[in-house]
Amino acid sequence: MSRTVSLSSPDGLTVTLRLPPADGSIGMPQFIAFGLSEASDAPFIERASRINGMDDAVASAVLLPTGGMGFFGWPAICGHRSGRDFVLGFCNWTAEESEGRLALAATDTVARMSLRLTLSAHKGGVVSSQVCLTNDGDVPYQLDRCMAGSFPTLAEDATVESFTGMWGREFQTRREKLGTGIWLQENRRGRTSHDRFPMLFVESANQRFGVALGFSGNHQIVIDRCDDGRRLVHMGELFEPGEMLLDPGESYLSPLAYAGADSAAFHSFVRQELITWPGDVMTPRPVTLNTWEGNYFDHKVASLKDQASKAAELGIERFVLDDGWFARRDDDTTSLGDWDIDTTKYPDGLAPLVDHVTSLGMEFGLWFEPEMVNPTSRLFETHPEWVLQVEGRPLRLSRHQLVLDLTRSEVADYLFAKIDSLLSSHDISYIKWDMNRDLTHVGGRDGKAATARQMRALYGLMDRIRRAHPKVEIESCASGGGRVDYGVLKYTHRVWTSDCTDALERLEIQHGASKFFPPELLGAHVSASPNHQTGRQLSLSFRSLVAMAYHFGVELNPLNMTLPEQDELAQFIALHKRLRKLLHALGTQFRLDPVDGRYVWGAASAERIAVIVAQGSQMVGEQPAPLRLPTHITQFGGRWRIADRTPQQPDFIRISEGQSDLLAGKIDFSLVSLTSAGLPLPMLRPESALLIELEPTTGDPDHG
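Here the structure is a predicted model, which is why all the values come from computation and not from measurement.

(A) Representation of the overall build of the protein chain. Of regular secondary structure, the protein chain possesses 12 helices and 35 strands. When each of the 704 residues of the protein chain is scored for burial, the buried share is 59%. Nonlocal contacts in the protein chain, meaning residues at least 24 apart in sequence, comprise 70% of its contacts between residues at least 6 apart. For the protein chain, the exposed surface amounts to about 27200 Å²; the carbon and sulfur share of it is 49%. Each charge class in the protein chain was averaged separately, 69 positive and 90 negative side chains, and the resulting centres sit 1 Å apart.

(B) Focus on the nonpolar core. Membership of the largest hydrophobic core comes to 179 residues, with the highest contact counts inside it found for Leu-143, Trp-325 and Tyr-486. At eight residues, helix α7 (residues 451-468) tops the list of elements feeding residues into this core. Beyond its immediate sequence surroundings of up to four residues, Tyr-486 is in contact with Ala-212, Leu-213, Gly-214, Tyr-258, Phe-266, Phe-269, Val-270, Leu-274, Phe-516 and Phe-517. Of all hydrophobic cores here, the second largest spans 25 residues; its members include Leu-629, Ile-633, Leu-684 and Leu-690.

(C) Region of the structure containing unusual backbone geometry. The linkage connecting Ser-529 with the following residue, Pro-530, adopts the cis geometry, with an omega of 5 degrees. Here Ser-82, not a glycine, exhibits a phi torsion of approximately 55 degrees, which is positive. By secondary structure assignment, the location of Ser-82 is in the loop between β4 (77-80) and β5 (91-98). Positive phi, normally seen in glycine, also occurs at Arg-112, with a value near 55 degrees. Structurally, Arg-112 can be placed in the loop between β6 (101-108) and β7 (113-122). Residue classification places Arg-112 among the partly exposed positions, given a relative accessible area of 29%.

(D) Up close: the sheet that holds strand β34 (residues 669-670). Taken in spatial order, the six strands line up as β30-β31-β32-β35-β33-β34 in an open sheet, and their pairing is antiparallel. Across the chains shown, the open sheet's two edge strands, defined by having one partner strand only, are β30 (588-595) and β34.

(E) Fine view of the sheet that holds strand β3 (residues 30-36). Here three strands make up an open sheet; going across it, the order is β1-β2-β3 and the pairing antiparallel. With one partner strand each, in any of the chains shown, β1 (3-8) and β3 form the two edges of the open sheet. Sheet twist, expressed as the mean angle between neighbouring strand axes with direction ignored, is 10 degrees.

(F) Here's a closer look at the state of the cysteines. Counting across every chain of the model gives zero disulfides. Free cysteine Cys-226: the closest other cysteine sulfur is in Cys-78, separated by 17 Å.

(G) Main features of the packing of helix α3 (residues 301-314) against helix α4 (residues 351-359). Packing of α3 against α4 brings their axes to within 9 Å, and their N-to-C directions diverge by 10 degrees. When the axes of α3 and α4 are compared, the pair comes out roughly parallel. When α3 is examined against α4, the residues Leu-304, Lys-305, Ala-308 and Ser-309 are found in contact with a partner set consisting of Pro-352, Leu-353, His-356 and Val-357. Residues of the contact of α3 with α4, tallied by class, amount to five nonpolar, two polar and one charged.

(H) Broad picture of the packing of aromatic side chains. Counted by the stated rule, this structure contains 29 aromatic pairs. For the pair Phe-171 and Phe-517, a centre-to-centre distance of 6.3 Å together with 75 degrees between the ring planes defines the contact as edge-to-face. One end of the pair, Phe-171, is in the loop between β10 (159-164) and β11 (172-177); the other, Phe-517, is in the loop between α8 (503-513) and β28 (522-527), and 346 residues separate them in sequence. For Phe-171, a relative accessible area of 1% gives the class buried. The buried category is assigned to Phe-517, whose relative accessible area is 0%. Through pairs of rings, three or more aromatic residues link up here, namely Phe-163, Phe-171, Phe-197, Phe-201, Tyr-258, Phe-266, Phe-269, Tyr-486, Phe-516 and Phe-517.

(I) A look at the pattern of salt bridges. Going through the model one piece at a time under the given rule, you end up with 49 salt bridges. Here Glu-473 makes a salt bridge to Arg-285, at a shortest N to O gap of 2.8 Å. Highlighted residues: Glu-473 in strand β26 (residues 473-476) and Arg-285 in the loop between α1 (263-274) and β20 (288-290), separated in sequence by 188 residues. A relative accessible area of 8% means that Glu-473 is categorised as buried. Under the relative-accessibility criterion, Arg-285 is labelled buried at 1%. Of the charged contacts in the structure, one is a salt bridge between Arg-445 and Glu-410, with a shortest N-O distance of 3.2 Å. Taken together, the positions of Arg-445 in the loop between β25 (430-433) and α7 and Glu-410 in helix α6 (residues 409-425) put the pair 35 residues apart, joining distant regions of the chain. According to the relative accessible area criterion, Glu-410 is partly exposed, its value standing at 24%. Taken together, the salt bridges that share partners define one network made up of Glu-161, Arg-175, Glu-203, Arg-208, Lys-515 and Asp-593.

What counts and how
- Residues numbered from 1 in each chain as written.
- Predicted model: local features only at pLDDT ≥ 70, side-chain atom pairs only at ≥ 80, totals over all residues.
- Heavy atoms only, no water.
- Helix = DSSP H or I, 4+ residues; strand = E, 2+ residues; numbered from the N terminus.
- Buried < 20%, exposed > 50% of the residue type's maximum accessible area, 1.4 Å probe, protein only.
- Contact = heavy atoms within 4.5 Å.
- Areas by Shrake-Rupley, 256 points an atom, 1.4 Å probe, with all protein chains shown as cover.
- Lys, Arg positive; Asp, Glu negative; His and termini not counted.
- Charge placed at Lys NZ, Arg CZ, Asp CG, Glu CD.
- Core = buried A, V, L, I, M, F, W, Y, C linked by side-chain atoms within 4.5 Å.
- Pairing = 2+ DSSP bridges.
- Axes fitted to C-alpha atoms, helices over the stretch in contact; angles between N-to-C directions.
- Disulfide = S-S within 2.5 Å.
- Parallel < 35°, antiparallel > 145°, perpendicular 65-115°, else oblique.
- Nonpolar A, V, L, I, M, F, W, Y, C, P; charged D, E, K, R; others polar.
- Phe/Tyr/Trp six-rings, centres within 6.5 Å; stacked < 30°, edge-to-face > 60°.
- Salt bridge = Lys/Arg side-chain N within 4 Å of Asp/Glu carboxyl O.

Printed below as a string of structure tokens:
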């Protein structure tokens, strides 16, 4: 007799599965229900076999389907034992149900493999799936594919919202209608990548949910159409040829695949469970100055001290020394891997600069790129065998870099010792961990593909540093947003959203990234004008407001600013500090899809609502649509008014007397009306922005 099991995440998704009968019947758990408020006691009626199908009916919408049972779709698990045992059929299913966890296990006595599936309910309304596959045979098993999880859609008609891009233009949103074939995304860059992020949303008429893979290496996402029109979304690691060979008794443990109803669920999960903060509490995110665009490789101690002093005057709270501080590092062609302080630039070491920064009340951070080595370095000259390489193939450079083989214990020990020494001898509270090239020819010491091992070794090194220095925070940077995912966030505390600091480009980048990542984790800096990547000139107001709601920072030399510019920047920093509790974890975030070049985002509480409106390109419409807010914001109710605006004189094209009164707070309105009627704000000029703050007109925000 079959058994029905269910897992529900509080206020989130429900997964209900029917296990194959415990009489030795072969099969995989079949989805009965998946989604919000799905009944765990949904009826199950076995369907008839398909025309020209097997005599016995074969379920199609199952968790991690395998071939060989009359299922002719895309198999989520497959492999072989030297060409044999290529058919997998699991039976004798057991289930262990506990609070927030469902563990399913089965065996294949013919192929001599055992399978364990763990479904977990997480805080915030997210459900995860993880697979452990074990070789019970006496000879190796070649695992070609093993997805971490499968999630079903309810309807045939569905749209996928995915994210693509390139260096400097990450998280570009794409929407496409799913057809009758397979939708496939594969990433082979050895890191999350700028163009194929392991996360997406699937939407149909009656269902919308997102999925994300908690892994930073090669991945595979497949959306397969079942024979009844439903679809299965599979996510997992992508193996190189021959990479995952399981010896007798050896197991493969997949990354975690996550599913959530919406952005709010993912944000809540990341905040409450994924991120581990020093002291277990997130402190207000420090306003950061990063020295890269202000100095590049030109490090002068006196100037850096003066920059730090000016930064403190402006209200900046963290000073991060970027690339160029170690020996012979005058450009990007040399010295990566050595990690010895440059005694020419720093004759007395880093201590004088670190001590100066901390004496000003700021934190000190330091840039590293531990995974890479330049051929022109003492490390490579001494240990050329320490890099990832394939025998007989040329070493392929990217950005004058090769990749260190972290799977070799001596390499990991060397890097740990270098980083540990600097952290132990200086008051450093922050690491900017960079990674500036894709992985190719990822061969290990044994000559076999090592992409999967390399990523797990990286996690191990990060974890080792975290354990040795639990008060130090780590930022994940990989040519900007090339490694932004739920795998690396288990070991880090912030991501550098993009190397492009152009505020106009950042509108779409940050809009896309914030669908899966809380704003306080996304680094967003005010940089110089003209911008160093695009040459575009933008107002300080626009640059500051575009960065305002995120992990706010500065990417310039403050000594190069005029006094009026310094005063203006100090005002924006003070504004961010006043609002960051609302804009970050305390508030209820929202973002609207851009319309006619206008982006809208912000956060709300019962006491205050902050709304940022930024006009990117020129509007086509004669007038902007009224500003409407989503229902989860307007449900605070009551009558409200505009209490403040920044800047005081926004760059409007034209404004009416009534609009002036509205912005001056002379007109109040029902908050609920903003869902439908909205606020008729004036049209902003292209490349300008406005922050408006709303407050209740009485002490009781729930009145009326």
